[in-house]
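Residue-level structure breakdown
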Amino acid sequence: MGNVPSAVKHCLSYQQLLREHLWIGDSVAGAFEPAQESSQPSGLPEYVKIVEVGPRDGLQNEKIIVPTDIKIEFINQLSQTGLPVIEVTSFVSSRWIPQMADHTEVMKGIRQYPGIRYPVLTPNLQGFHRAVAAGATEISVFGAASEPFSKKNINCAIEESMEKFEEVVKSARHMNIPTRGYVSCALGCPYEGNITPQKVTEVSKRLYGMGCYEISLGDTIGVGTPGSMKRMLESVMKEIPPRALAVHCHDTYGQALANILTALQMGINVVDSAVSGLGGCPYAKGASGNVATEDLIYMLNGLGVKTGVNLYKVMEAGDFICKAVNKTTNSKVAQASFNA
Amino acid sequence: MKIKLIDMLSEAGLPVIEATSFVSPKWVPQMADHAEVMKGIQKFPGISYPVLTPNFKGFQAAVAAGAKEVAVFGAASELFSKKNINCSIDESVQRFDEILKAARAASIPVRGYVSCVLGCPYEGKISPAKVAEVAKKMYSVGCYEISLGDTIGVGTPGTMKDMLSAVMHEVPVAALAVHCHDTYGQALANTLMALQMGVSVVDSSVAGLGGCPYAHGASGNLATEDLVYMLAGLGVHTGVNLQKLLEAGAFICQALNRRTSSKVAQATCKL
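Computed from a predicted model, the values in this text were never measured in an experiment. (Residues numbered from 1 in each chain as written. Chains lettered and ligands numbered in written order. Predicted model: local features only at pLDDT ≥ 70, side-chain atom pairs only at ≥ 80, totals over all residues. Heavy atoms only, no water.)

**Some thoughts on unusual backbone geometry**
The residue N326 of chain A is not glycine, and still its phi comes out positive at about 55 degrees. Turning to its location among the elements, N326 of chain A is positioned in the loop between α12 (311-324) and α13 (332-338). The phi torsion at S107 of chain B lies on the positive side, around 55 degrees, for a residue other than glycine. Summarising the element assignment, S107 of chain B is placed in the loop between α5 (89-105) and β4 (110-115). A relative accessible area of 64% places S107 of chain B in the exposed class. (Helix = DSSP H or I, 4+ residues; strand = E, 2+ residues; numbered from the N terminus. Buried < 20%, exposed > 50% of the residue type's maximum accessible area, 1.4 Å probe, protein only.)

**Some thoughts on the environment of G218 of chain A**
All names here are of chain A. Residue position: G218 is located in strand β6 (residues 214-219). Relative accessible area serves as the criterion here: at 7%, G218 is assigned to the buried category. On a C-alpha basis, the gap between G218 and A274 in space is 13 Å, while along the polypeptide they are 56 residues apart. If sequence neighbours within four positions are ignored, G218 has contacts with V183, S184, C185, A186, L187 and H248. (Contact = heavy atoms within 4.5 Å.)

**Topic: the nonpolar core**
L207, L217 and I260 of chain A together with L148 of chain B are the most contacted members of the largest nonpolar core, which totals 180 residues. In terms of residue count, helix α10 (residues 256-265) of chain A provides more of this core than any other element does, seven residues in total. Each residue touching I260 of chain A, except ones within four places of it in the same chain, is listed here: V247, C249, V271, V291, L296 and M299 of chain A. Among the nonpolar cores identified, the runner-up in size contains nine residues, and I221 and C281 of chain A together with Y229 and L246 of chain B belong to it. (Core = buried A, V, L, I, M, F, W, Y, C linked by side-chain atoms within 4.5 Å.)

**With respect to the packing of helix α8 (residues 197-209) of chain A against helix α9 (residues 226-236) of chain A**
Residue and element names in this part refer to chain A. Running from N to C, α8 and α9 cross one another at 45 degrees; their axes reach a closest spacing of 8 Å. Relative to α9, the element α8 lies oblique. The two elements α8 and α9 meet at a crossing, and its hand is right-handed. In this structure, α8 uses P197, Q198, V200, T201 and S204 to contact α9, whose residues at the interface are R231, M232, S235 and V236. Broken down by class, the residue content of the contact of α8 with α9 amounts to four nonpolar, four polar and one charged. (Axes fitted to C-alpha atoms, helices over the stretch in contact; angles between N-to-C directions. Parallel < 35°, antiparallel > 145°, perpendicular 65-115°, else oblique. Left-handed = near helix turned anticlockwise from the far one by under 90°. Nonpolar A, V, L, I, M, F, W, Y, C, P; charged D, E, K, R; others polar.)

**Details of the sheet that holds strand β6 (residues 176-180) of chain B**
Residues and elements named next belong to chain B. With parallel pairing, seven strands are arranged side by side in an open sheet as β1-β2-β3-β4-β5-β6-β7. The two strands at the open ends of the sheet, each matched to only one other strand, are β1 (20-21) and β7 (202-203). The pairing of β1 with strand β2 (residues 51-52) spans two bridges and is classified as parallel. Within β2, the position partnered with T20 by the bridge is V51. The sheet strands contacting α5 are β3 (70-75) and β4, and the helix crosses β3 at an angle near 165 degrees. (Pairing = 2+ DSSP bridges.)

**Structural notes on the packing of aromatic side chains**
For any pair of aromatic rings, the description rests on two quantities: the centre-to-centre distance and the angle between the ring planes. According to the stated counting rule, one finds seven aromatic pairs over all chains in the structure shown. When the ring of Y298 of chain A is compared with that of Y184 of chain B, the centres are 4.9 Å apart and the planes differ by 10 degrees; the resulting orientation is stacked. Here the residue Y298 of chain A occupies a position in helix α11 (residues 293-302), and Y184 of chain B occupies one in the loop between β6 and α8 (187-196), the pair thus bridging two chains. For Y298 of chain A, a relative accessible area of 0% translates into the label buried. Its relative accessible area of 1% is what places Y184 of chain B among the buried residues. Summarising the aromatic geometry, the rings of F80 of chain B and Y122 of chain B are spaced 6.2 Å apart at their centres and angled 50 degrees between planes, so their arrangement reads as tilted. You can see F80 of chain B sitting in helix α4 (residues 78-85) and its partner Y122 of chain B sitting in the loop between β4 and α6 (128-140), a full 42 residues away along the chain. Residue class for F80 of chain B comes out buried when judged on its relative accessible area of 0%. Here the basic side chain of R180 of chain A rests over the ring of Y182 of chain A, its NZ or CZ set 5.1 Å away from the ring centre. Over the ring of Y113 of chain B we find R111 of chain B, and its NZ or CZ is 5.1 Å from the ring centre. (Phe/Tyr/Trp six-rings, centres within 6.5 Å; stacked < 30°, edge-to-face > 60°. Lys NZ or Arg CZ within 6 Å of the ring centre and 35° of its normal.)

Here it is, written out as structure tokens:
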């Protein structure tokens, strides 16, 4: 489009424009949570709670085993960005997930800022007890909307897994520990292919009924599109109120932000993401995984939706962890900003 | 290789393929072979092969080389217009008028592009009213379609909505297209918003070809494969064969020795 100098990045107007979009807002550790149901004239929520899953879901899918002290520093940096929820680690057997072998050290080592929540995954009662002993005050359980996926991923059928989770959630309730429920393969399964919205609803309802305060619906392999997202949410929202729902979109096919926008338009106001889009996809070699927190925040800022998160600080944490795992960021915002 | 790429894209069923630009090679060396490319490509029936013609001289050269559709490039920002095509917006519209008159006489449709519709690297914020004004001018001088471009990819679904609302007061939505850049990862979400508002023409680039001259290392165009994936999932008909499109993308990436910017291509490619 013509011979244009690339020195425009120094142009004040461009910087001003970016500032408005990137919004170096005040980071509020212990972010406020205004009335859950309030929405803007545009039909979008006024506030979106971002659940940062980089340290767990992200690192879990990275090949390089990250040293414990780096994980701790990473999480401490994230704690200073204003992110209200940071998923720390997974109390799963190190035989299955070597990256999470240091779960206890990480949990004990991080600084727990007041107002920020640090949930951990607990696949079973044993993991739950270890998590509590290590100082966890919130946990998550991971179900699936697909039988073959459940069997391959956690070694048991959906029904069996629900029974295990009931045990965990019961114990957690006795100790006043909230539990978040995840439903994988909500928009498609690498083994089964299509997943019906009804199945997702059934599993979600089960988790919600046993006491999970929030259900995160995951497009595990990123195959969903705004149409399938809409149909799935319409079904689930008949049984579970939108304020108890979250979406966890993978960006394997580049659809994540479009899918998230659709979910927001339908009244969802909790979104999972991973800084730098950490984590690949174990089902599609070379493909990307989680949606990047930076790109999500950029969109929300542009939409006038509050998050309480300081984008620049998130980018810094992203830069830190990318150097540690020796990879380039998957965040387009970071790519555009750091090289500009 | 350019000719092969275009032929492969034609086989993929894309209805419109922008072939080249009849601009001086002094400005855009990559397009220096415009005449050879235009003459060399296979013109499939039912597919349009528009070319950029920044001025009357370019238009004449394009027609001589066999072009049956042309495009002109305006901007919603005065500064961008001056820096990019060396004249003010009004001056540029006058130039286009010349081209349009000649094009009409030769029964050649003209597409109008408006750059910087959601932000400008020089001016910063761009008002929706300004975009509407420029789009209206270009439509009124005879462009059959106006492609609204988020040139630096800074837009988000909210600014897309506001801009389109303003433009749709002046130009019928059937004559509008969106051209989103993915520099900040927002392209598909912005495109979705445009579709929700009634726009049914979308520009994209196979493999997300082209970076961003304003942000070194950043990506540029929305990848056609990712767009087609979304539309297919939405049940929207495009007539495009995704498999053949992926092949065209793989071909050009290999030729350019670069990695694809399309996530769909990355996911389906077994490394």
